[in-house]
Amino acid sequence: MIPWYLLKFYAQRHSKFTASCIVLLIINLLFYNLFHIFLILWVFIIGVIFAYSLLSPISVLPNLLPIYSKKSKHKNLGDDELTLMKTVCTVCGLRRCPRHRPELNILAFQPWTNLDIHKSVDDALHEFFNIVLKEFVYTWYRELSEDEEFVDELRTNFRFLASVMFRRMKKLDVPELVTKRLLRASVQHIDLCVQAYKEADYKGDIQQIVLDFMGSNVHCAMWSRKAELEYLRRLVESLFPYILRPQALNSSACFTEADDYDMDNFVPVLKSTCALVRELLAGAVLLPTLDAIANPDLINNLLLVFFDKTPPPQATEPPSPMVPFLGQFSQARARNQSCLRLELKDVINPECPELLYPFMQFLKSEAAVNVLQFCLACSDFNRRILNPDASQSEFSDLHSTVKDLYNVYCAPNALDRIKFDDDIVETLREVVEGPPDQVIKLRTSAPLFKAYEHAYNLLENNFLPMFHQSDDYYSMICGDRPNALLTKQMSSFFGGKLNSLRQTKKKDFTLAQFGNKLKDVFKSADERLSNNIEPALDGMSLNSVSPSVCVEEELEDSSLDCDHSMHDLSSWRVTIPRIGARPDPENPRKQYFVFIIDIRRLDVEEGEERKQQWTVARRYAEFYVLEQKLTEFHGELLECQLPAKKSFGTNKHDFTEGKKSDFENYLQKLLTKPHLRNSELLYQFLTSEHEFSTSFLPGIKLGKFVKTKLVKEKGQHLDEFLVTFATSTEASKPKSSKLSRRGSDTSLMSTSSDKLSGTHFDNNMNFGFQPPSSKRDLPHQVKDIDGAFDYLLFLLKNVFRAPEWFMGLMFSARILLKETVENYLDYHIEYKLSQVTQEHRLVGLVNLLKEILFFDDDPPRSDEDKRIRYASAYKELLDFLPDVLHTALGNSNTREGCELLLQIFQQPKLNKQLSYVLLDIVVQELFPELK
């Protein structure tokens, strides 16, 4: 029995329904002879009560149209082709091979393996990438060289990148991505815009209102145009381990020294291929593409295309044949091969042991020498079996040789097993298990030749390129590396001298004398091998020493006391009374701020020739250089530490003023340290008028620097000094000259400056590299909403302001139709995707992208043209909504909702914000490793 209090509770909760049932019961009692008619109504009421008791507001029925269900993609493929190529070792064919490096699998070097597309699509991509190279590489590279080898390297990297992206997109579940993530982010963006505009009472500039409402919650790319470009660069850099070849990644990346960057924000500086690919992708592809996507006029055009009822064009030509992905594009175009790039046939020639031996040593380090051994043994076997005068005894020997080859390299349990095709292994097994005369089959059949070709290609495509970039190859061509030899000799020389200085009890040889012995190293290039140099320095290469460095030159750092050998910094007093402004030498219109340090000496009385008081100007970064150099010589000073270094915004007046007291306390604490009272570094910082930079070694004449530096900085942390000292003997790298902008002979503006100045976006939010200060928690009404049907209900309620009765009806329909509608939408997206990815339409999309990025020579559209397109998009949006919806919502609500919805997408900065949110979602789906 149902308790009475429950019946009373639900009767009071649904009073109208209860009153209707009571009225119906009274009428039924009055007209009891019509009970068979009222029975239909009672059955309906009982069904409603039964459904209400079983179904909750969040309950939904399953898909009522199972024929309209998208094909599920199996994400956990066990032994599909892609998974096998990733996990199976290319050399031995074992899953999760513990012997060879995991990056030796075929996808690590050739992700285009078994990746075929239609020839017309391949030709379109070929033309697109050729235009990229022509516009952004050949324009400057032709002035440097006619050699195509560098461009061939870029072509291979482009093919590698496109193949990786193609493979990952094939695994992507596009309908789920659109309905579950992209649509959710778009509705959330609309919700924030509606809430912000509602707070402003639907008055004012909607773009500025929404940006102010979001505050610091905007995407970091929206801070400024430079921040946007920097974000794209960092994004591309984070993808390099997945989209670039291992050779390009390993050989083209280096890291900056701690002098140049804050260690808390340590960033790799990419050179060569990585830097060029980064700039091409970030500045030439992604930035203009996102600018085009965020253009309101283009969005209106896309809406018109979406609402257009014209059927898509049909293919007029038969499908083109399948070809390897970008195979023609990546073909080498270099006419003259470098003499340093050896051919495999020359390397494995037994008659050239000077090439074969280093290659064999390299393969030993890669645990792949068995591949070379098989090639050499197989080559010798082929030469012997092709002898027409071979006797029966020689056939027996050849049969034994084949048996050894099979047992060592082909047997399933062989230690040096190489992965061959099953038909090759099976044919060789039949020959091995047969009589000796069966070996004659290998003279005319292909299995052994295929095995040799497979091993040969493995060496040529995988291991030979690695050998060309290995230390073994460098040593074979050039001998030991000069830097390594110099460092080794300097370390051995300095280490021996310092150890002898620590162990000896005699005082006839001091560090000052040691400096005098070394100063001759810095003579001119003609006198670089002085007879007074220790024998341990004879092997050093000193050709890089600048002839202008001379030991007789005096210190020119300041006009203060030239004889500072006996200075006592403990008697000095420092303060930072004010901040000063200085013009920026690179841009006279700008200025930076410096700390004015006031120094007063207590040990100098009035009337003396030496100065008693003076001031020195130091920039923000110079204090951290001083801290770093003091740490190198004296270890970490726990009581004297600067606050964490900032990378951006350090030239502002407020920032500099806020650091004044911290830097003043830091200098005052340094002067109280007994072991720093004679510090040469601190003396130079407080007296020199020159910039105190990380390259302080070249800034001071080395003839006296070595002597005074080793005497005055008596720290126990000399390793960094010795490395810097050895580096100072090398010639500085030539600085690249500034290039003028294309089409201008006078401007020194970078080519990226044109991309950063856009009429639609200005400077984004104009915050530089600092986020806006306003911080607020944004309301997320979409947080608990999931599915396309729920997003539709949300838009009807918040944008179109649907009446309550209609929303109640829609919520009732949600129980019945939610799963059906969403499954049909997934099916429809998948169907449309299959149409868009047809051969002729893919060619059209590639050509459209090419026209937008490189051949958009049409005159800018006038404001009138944009208004006409906007009006057309608005009219098509109204016509797209069914008449039933117009009637239920009302014409006024329908028009206002469509206008508000369309106005949100007429704001370029808001579109850019949404573009980057969607970009992040797509990148995370394509590269889940970044999560």
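Residues numbered from 1 in each chain as written. Predicted model: local features only at pLDDT ≥ 70, side-chain atom pairs only at ≥ 80, totals over all residues. Heavy atoms only, no water.

(A) Region of the structure containing the overall build of the protein. Scanning the protein from N- to C-terminus turns up 39 helices and 7 strands. Counting all 931 residues of the protein, 41% fall into the buried class. When contacts within the protein are restricted to residue pairs at least 6 apart in sequence, long-range pairs at least 24 apart make up 73% of them. Approximately 53400 Å² of the protein is accessible, and the part contributed by carbon and sulfur atoms is 56%. (Helix = DSSP H or I, 4+ residues; strand = E, 2+ residues; numbered from the N terminus. Buried < 20%, exposed > 50% of the residue type's maximum accessible area, 1.4 Å probe, protein only. Contact = heavy atoms within 4.5 Å. Areas by Shrake-Rupley, 256 points an atom, 1.4 Å probe, with all protein chains shown as cover.)

(B) Up close: the nonpolar core. Among the nonpolar cores identified, the biggest contains 58 residues, and Leu-133, Val-137, Leu-232, Ile-243 and Tyr-916 are the most heavily contacted of them. Looking at this core, the elements with two or more residues in it are α6 (119-136), α7 (138-141), α8 (149-170), α9 (174-199), α11 (225-243), α13 (272-293), α35 (839-854) and α39 (908-926). (Core = buried A, V, L, I, M, F, W, Y, C linked by side-chain atoms within 4.5 Å.)

(C) Just the packing of aromatic side chains, in detail. By the definition in use, this model includes 33 aromatic pairs. Among the aromatic side chains, those forming a connected cluster through ring pairs are Phe-595, Tyr-620, Phe-623, Tyr-624, Phe-655, Phe-663, Phe-685 and Phe-692. Across from the ring centre of Phe-166, 5.7 Å away, lies the NZ or CZ of Lys-170, which sits over that ring. The ring centre of Tyr-592 lies 3.7 Å from the NZ or CZ of Arg-619, which sits over that ring. (Phe/Tyr/Trp six-rings, centres within 6.5 Å; stacked < 30°, edge-to-face > 60°. Lys NZ or Arg CZ within 6 Å of the ring centre and 35° of its normal.)

(D) Spatial organisation of the packing of helix α33 (residues 788-798) against helix α34 (residues 804-836). Orientation of α33 relative to α34, taken along the N-to-C sense of each, is 145 degrees, at an axis distance of 8 Å. Residues Ala-788, Phe-789, Asp-790, Leu-793, Leu-796 and Lys-797 of α33 form the contact with α34, whose participating residues are Phe-806, Met-807, Met-810, Phe-811, Ala-813, Arg-814, Lys-818, Val-821, Glu-822 and Leu-825. Its residues assigned to classes, the contact of α33 with α34 comprises 11 nonpolar, no polar and 5 charged. (Axes fitted to C-alpha atoms, helices over the stretch in contact; angles between N-to-C directions. Nonpolar A, V, L, I, M, F, W, Y, C, P; charged D, E, K, R; others polar.)

(E) Molecular detail of the environment of Phe-806. Assignment of secondary structure puts Phe-806 in helix α34. C-alpha separation for the pair Phe-806 and Ala-888, spaced 82 residues apart in sequence, amounts to 6.9 Å. Apart from the residues lying within four places of it in its own chain, the contact partners of Phe-806 are Leu-796, Leu-885, Ala-888 and Leu-889.

(F) Expanded view of a negative patch on the surface. Judged by side-chain charge, Glu-851, Asp-856, Asp-857 and Asp-858 come together as a negatively charged surface patch. Note on placement: Asp-856 falls in the loop between α35 and α36 (863-880). Among the residues examined, Asp-856 registers a relative accessible area of 52% and is labelled exposed. (Patch = residues over 30% accessible without salt bridge, like charges linked within 9 Å, V, L, I, M, F, W, Y side chains within 5 Å. Salt bridge = Lys/Arg side-chain N within 4 Å of Asp/Glu carboxyl O. Lys, Arg positive; Asp, Glu negative; His and termini not counted. Charge placed at Lys NZ, Arg CZ, Asp CG, Glu CD.)

(G) Quick peek at α9. Across its 26 residues, α9 extends 36 Å between first and last C-alpha, which sits within 8% of the 38 Å expected from 1.5 Å per residue. Of all the bends found along α9, the most pronounced is centred on Leu-183 and spans about 35 degrees. Trailing α9 by a residue or two, Asp-201 shows a phi angle of about 60 degrees, which is positive. (Expected span 1.5 Å × (residues − 1). Bend = angle between axes of the 7 residues up to and from the residue.)

(H) Spatial organisation of a nonpolar patch on the surface. Nonpolar side chains collect at one region of the surface, where Ile-22, Val-23, Ile-26, Ile-27, Leu-30, Phe-31, Leu-34 and Ile-37 lie side by side and expose about 710 Å² of accessible area between them. Mapping Ile-22 onto the fold places it in helix α2 (residues 15-30).

(I) Spatial organisation of the side chain of Glu-622. Take Glu-622: it is sitting in helix α25 (residues 620-634). The exposure class of Glu-622 is buried, given its relative accessible area of 5%. Here the side chain of Glu-622 touches Arg-618 through a polar contact of 2.9 Å, side chain to side chain. In contact with Glu-622, not counting residues within four places along its chain, are Phe-685, Glu-691 and Phe-692. (Polar contact = N/O pair within 3.5 Å; in protein donor to acceptor, adjacent residues only side chain to side chain.)

(J) Fine view of the pattern of salt bridges. The final tally for this structure, using the stated rule, is 29 salt bridges. The partner of Glu-127 in a salt bridge is Lys-850, and the shortest N-O contact between them spans 3.0 Å. Taken together, the residues Glu-127 in helix α6 and Lys-850 in helix α35 connect sequence positions 723 residues apart. One salt bridge connects Arg-618 with Glu-622, and the closest N-O pair in it is separated by 2.9 Å. Taken as a pair, Arg-618 and Glu-622 share a single burial class, namely buried.

(K) Broad picture of the sheet that holds strand β7 (residues 613-618). Taken in spatial order, the 3 strands of this open sheet run β5-β6-β7, and their pairing is antiparallel. The two strands at the open ends of the sheet, each matched to only one other strand, are β5 (572-583) and β7. Each neighbouring strand pair of the sheet contributes to a mean axis angle of 25 degrees, computed without reference to strand direction. Its contacts with the sheet put helix α27 (residues 660-671) on β5 and β6 (591-601), and the angle it makes with β5 is roughly 145 degrees. (Pairing = 2+ DSSP bridges.)

(L) Here's a closer look at α35. For α35, with 16 residues, the first-to-last C-alpha span of 23 Å sits near the 22 Å given by 1.5 Å per residue. Listing the buried residues of α35 in full gives Glu-839, Val-843, Val-846, Lys-850, Leu-853 and Phe-854. Buried positions in α35, seen along its axis, are confined to an arc of 100 degrees and lie on one side of it. (Arc of directions from axis to C-beta.)

(M) Up close: the pairing of β7. Alternating residues of β7 divide into Trp-614, Val-616 and Arg-618, all buried, and Gln-613, Thr-615 and Ala-617, none buried. Taken together, the 6 bridges between β6 and β7 define a ladder with antiparallel strand orientation. Within β7, the position partnered with Phe-595 by the bridge is Arg-618.

(N) Region of the structure containing the side chain of Asn-300. Tracing the backbone shows Asn-300 in helix α14 (residues 296-307). In contact with Asn-300, other than residues within four places in its own chain, are Arg-869, Tyr-870, Ala-873, Leu-902 and Gln-906.

(O) Representation of the packing of α9 against α33. For the pair α9 and α33, the least separation of the axes is 10 Å and the interaxial angle reads 10 degrees. On the basis of their axis angle, the class for α9 and α33 is roughly parallel. Between α9, through Thr-179, Lys-180, Leu-183, Arg-184, Val-187, Ile-190, Asp-191 and Val-194, and α33, the contact on the second element is made entirely by Ala-788, Tyr-791, Phe-794, Leu-795 and Asn-798. When its residues are assigned to classes, the contact of α9 with α33 shows 8 nonpolar, 2 polar and 3 charged. (Parallel < 35°, antiparallel > 145°, perpendicular 65-115°, else oblique.)

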